[in-house]
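Close look at the chain arrangement
Okay, here's what each chain looks like letter by letter:
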Amino acid sequence: NEPLRGAIAGGDRAVGADSDLSIDACYPAFQDPDDPSAALVFDWWCEYVEAAAGSAGNATACGLAAPPTSLCNWNIAAGTLSPLNVYTFGVNVSSPSGSETVGSSITVTVSASAP
């Protein structure tokens, strides 16, 4: 019995506030080696630190509506993220029974325009 495994595809990145952002945890990024066709559950979250606060700032929930737990990706439209902020997007992926969970997160730095 192998555990769930995975990480958000593409890792940390920089985007412009005027660019779409797609975060992908779909197969093969996350998988259940014992049952590759398992309907995994995706619990997405997001928080950010305002650029003016720097690394000493407190993380705040980003206020975006997370995708349904059945979706393995999160698509965020251009203009949604505030420029000059640093966001952390994460997902906790569980087996259908909930007996196994693995998480991953990435940092997204948002500039005023495409980097």
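Since we're looking at a predicted model, the values are computed, not measured.

When helices and strands are tallied, the protein shows 0 helices and 9 strands. Helices (α) and strands (β) of the protein occur, in sequence order from the N terminus, as β-β-β-β-β-β-β-β-β. Principal-axis analysis of the C-alpha atoms places the extent of the protein at approximately 45 × 25 × 20 Å. Residue burial in the protein is summarised as follows: out of 115 residues, 35% are buried.

On average, the protein scores 89 in pLDDT, and the residues at 70 or more come to 90%. Of all helices and strands in the protein, the one with the weakest mean pLDDT is strand 6 (residues 60-61) (78), whereas strand 3 (residues 21-24) scores best (97).

Strand order in this open sheet of 5 strands is 2-9-8-5-6, and the pairing throughout is mixed. Either end of the sheet is taken by a strand with one partner, and the two such strands are strand 2 (13-16) and strand 6. Sheet analysis places strand 5 (residues 41-49) next to strand 8 (residues 86-94), joined by 9 bridges and oriented antiparallel. Its bridge partner being in strand 8, Y48 is matched across the sheet by Y87.

Quick notes on the rules
- Residues numbered from 1 in each chain as written.
- Predicted model: local features only at pLDDT ≥ 70, side-chain atom pairs only at ≥ 80, totals over all residues.
- Heavy atoms only, no water.
- Helix = DSSP H or I, 4+ residues; strand = E, 2+ residues; numbered from the N terminus.
- Buried < 20%, exposed > 50% of the residue type's maximum accessible area, 1.4 Å probe, protein only.
- pLDDT = per-residue confidence, 0-100.
- Pairing = 2+ DSSP bridges.

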